[in-house]
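A look at the structure
Here are the chains, one letter per residue:
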Amino acid sequence: MMPPEEESPDGDRDGGLVLLHGPKSGSTRKGCDPFAQTQRSKLQHRRARINQQINKEMRMRAGAENLFRATSNHKVKETVALELSYVNSNLQLLKEELEELNSSMDVYQNDSESISVPMIPLGLKETKELDLLVPLKDFISEHYGEEGVLFEKEIKEFMELRQAMRTPSRNEAGLELLMEYYNQLYFLDSRFFPPTKTLGIFFHWYDSLTGVPSHQRALAFEKGSVLFNLGALHTQIGARQDRASLPGLNQAIDAFQKAAGAFNYLKENFSNAPSLDMSAASLTMLVRLMVAQVQECVFEKMTLLRAQNDFLARLQLAQEAARVEDVYSLVHQTMSQPHVKDYVPFSWTTMVQVKSEHFKALSHYFAAIALCECPAPSDAELLEQEKAFLQFHVTMPEGPSLRVLLQDPEERRKLGKAHLKKAIMKHEEAMRIHGLCKILRKMDILQEVLSFAHKRSLSKYSEIDHEEDFFETGEAPDIHPKTHQKPEIKSPNFSQVKVTDLFHRLGPLSVFSAKNKWYPARRVHLMRGENGFGFTLRGDSPVLIAGVIPGGCAAEAGLKEGDYIISVNGKDCKWSKHAEVVQLLKSTGKEGVDIGVITLQGSECPKAVDRKAAVMSSGSGMLKSNKENSRKSLMNSKSASTLLVWSKKSKRSKKSTYSGVPFTAVGDNEAMY
């Protein structure tokens, strides 16, 4: 996967349209709502407060535990043990309060009067403010040899962007804001994070579900946390859609699919994250949860699109409901695993289990409706219905042959009654499980949905139950799960938001990056001789001195093969094209020209310099095992602009012009002066 395209300062670049995000203040930046007083923002502010309190209590506990281990005084040990019990009690209360916040699903739902089963959204990870001004200024002075104070504007703009992305709005603008910051992290990584050195900057983030703080020097932790929030914001956008309408359902499906893609991308490209919410087990659970919510939306979409009085349509609805039950059962199994069980809020686990039972009940209900309310098929319809019913049950129901079953109204009623009996049992199980969770009991809309479905099945059962029925209602076989719209895991589209490098004044990344080192800049004064200056030039941004004629003016002045021209007569040429540098050289008079050059360390040989590709390694993954830094990930990538694998190909111009006397050493792509 490729990084964002690097641009010259004037925005000139090859390719298509570029959306540039200029400087904006942190409070007015599009997609940011730090002062919004919505229920959701108040919830997030409460989350931030609880996170800070948890952090304080954990520090107190760490200090008390150290003192308990260090002291040998019995009375001190008793006092510290008592203090530890208070701290642990406070921590438990705070974590319970945070769990209740994470269970506040109704806040994220839409305000429509329609009745829909609530979806499970995620709250955003919180982070501390980060002051980059001094560390980046020092690095610019030390590594790039520039005055750090001259880049204060760029550093502050980056810090404003980071501050803004902490409170994204719950819409497309908020998603773009997170993408913009994430894309800028590529340039920050390439400019300021060398592979062999750290800046001493710690990135602090709080766990989304437990509030436990974590910090790392690795920029990969920052990128991973932003990706997590991108997925979390998609879940909130999906939960707020009005799913009683087709456009709302399509938007919800798209949002949950993108949330699944963000969490899956995070799982595949980052490893050994310090916080539990970004562990492989948790991310697997979140991906499956999002897929299940997509499948639920697909079922709701089917109920809007399908003709309710059609036999085949009702069979399809039953199979769609069975598919929803199937995926929620898988989510419940995942949530019940040892590494996840004690971490996921109990209300989430209960909600998933309730949905699993609820949709199983619905699958049997729609099977009964298809059998009892639809008329027996005509001869023309019989073959098609027989074929559909053959694949409908997991095991064939006991009794007469399939053809007799479909054509005999009494046999249809018997099987329908068996399905309704099972539906009622599953509805009652869903309501029982729902009653076990205090938080879900407060959710009126969920109670209303379960109660309505239960009453509907009871009503239908009493309608088809005859007093003269002396047969014992059989066991209805399970329904084969089947969907007509398979959920798609949509990976983040990083090219959606193009950004320009805030620190482009430092020069092209192909040379001026954190991974490269160069000798101090030299200023050379050249006089044009009879045969010109005596060197060959190649490439663009910056232009390379590819060859120096022995005994020529350039050689006598101290120019070397492999030098990069960074200025001509005081004019900055880091971003200059080949033709622009040539024009500056040609315009010099008898007084000569001052050329500023640098030489990359270990790259004095021109051939070695030419082979230098602008491969920008992140250099600071979460651990050495981070897949982000693997060559395999780079080679297997298909995306054109993703930022977790860092590669930037050199775009040196191959245009060449010849001037001066012939020089046999000049290559095809070089020009001599």
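Conventions and cut-offs
Residues numbered from 1 in each chain as written. Predicted model: local features only at pLDDT ≥ 70, side-chain atom pairs only at ≥ 80, totals over all residues. Heavy atoms only, no water. Patch = residues over 30% accessible without salt bridge, like charges linked within 9 Å, V, L, I, M, F, W, Y side chains within 5 Å. Areas by Shrake-Rupley, 256 points an atom, 1.4 Å probe, with all protein chains shown as cover. Salt bridge = Lys/Arg side-chain N within 4 Å of Asp/Glu carboxyl O. Helix = DSSP H or I, 4+ residues; strand = E, 2+ residues; numbered from the N terminus. Buried < 20%, exposed > 50% of the residue type's maximum accessible area, 1.4 Å probe, protein only. Expected span 1.5 Å × (residues − 1). pLDDT = per-residue confidence, 0-100. Contact = heavy atoms within 4.5 Å. Polar contact = N/O pair within 3.5 Å; in protein donor to acceptor, adjacent residues only side chain to side chain. Core = buried A, V, L, I, M, F, W, Y, C linked by side-chain atoms within 4.5 Å. Axes fitted to C-alpha atoms, helices over the stretch in contact; angles between N-to-C directions. Parallel < 35°, antiparallel > 145°, perpendicular 65-115°, else oblique. Left-handed = near helix turned anticlockwise from the far one by under 90°. Nonpolar A, V, L, I, M, F, W, Y, C, P; charged D, E, K, R; others polar.

Attention shifts here to a nonpolar patch on the surface. Taken together, Leu246, Leu304 and Leu305 make up a surface patch of nonpolar side chains, about 250 Å² in accessible area. Here Leu305 lies in helix α8 (residues 280–305).

Taken as a whole, this structure holds 24 salt bridges when the rule is applied. Measuring nitrogen to oxygen at the nearest pair gives 3.3 Å for the salt bridge that ties Glu373 to Arg314. Of the two residues, Glu373 is situated in helix α11 (residues 346–373) and Arg314 in helix α9 (residues 311–335); the sequence distance between them amounts to 59 residues. A relative accessible area of 40% means that Glu373 is categorised as partly exposed. For Arg314, a relative accessible area of 10% translates into the label buried. The closest approach of N and O atoms between Asp478 and Lys422, which form a salt bridge, is 3.0 Å. Remark: Lys422 occurs in helix α14 (residues 409–435) and Asp478 occurs in the loop between α16 (444–464) and β3 (522–526); sequence separation between them is 56 residues. We classify Asp478 as partly exposed; its relative accessible area is 31%.

With 28 residues, α11 extends 40 Å between its outermost C-alpha atoms, agreeing within 8% with the 40 Å of an ideal straight helix rising 1.5 Å per residue. Counting buried positions along α11 yields 24 of 28 residues, so the element is predominantly enclosed.

So, on to the confidence of the model for the protein chain. Looking at the protein chain as a whole, its pLDDT mean stands at 79, while 77% of the residues score no less than 70. Mean pLDDT across the elements of the protein chain bottoms out in helix α20 (residues 631–636) (34) and peaks in helix α7 (residues 246–269) (95). Low pLDDT, under 50, characterises residues 7–27; the stretch is placed with 35 contacts to residues that sit more than four places away or in other chains. Overall, residues 605–668 carries pLDDT values under 50, and its contacts beyond four positions in sequence, including any with other chains, amount to 166 contacts.

Tracing the sequence through the fold places Ser225 in helix α6 (residues 219–239). Residue classification places Ser225 among the buried positions, given a relative accessible area of 0%. Of the polar contacts made by the side chain of Ser225, one reaches the backbone oxygen of Phe221; its length is 2.9 Å. The residues touching Ser225, leaving out its near neighbours within four places in the chain, are Lys125, Trp205 and Met278.

So, on to the nonpolar core. Most often, soluble globular proteins have nonpolar side chains that are buried together. Leu188, Phe192, Phe263, Leu289, Trp348, Phe389 and Phe503 are the most contacted members of the largest nonpolar core, which totals 137 residues. Setting aside chain neighbours within four positions, we find Leu188 in contact with Leu136, Phe158, Phe193, Leu219 and Phe503. Grouped together as the second largest cluster of nonpolar side chains are 18 residues, Val524, Val548, Ile565 and Val597 included.

Here the focus is the packing of α7 against α8. Running from amino to carboxyl end, α7 crosses α8 at an angle of 165°, the nearest separation of the two axes being 9 Å. Considered as vectors, α7 and α8 are oriented roughly antiparallel to each other. At the point where α7 passes α8, the crossing takes the left-handed sense. By residue class, the composition of the contact of α7 with α8 is 20 nonpolar, 5 polar and 3 charged.

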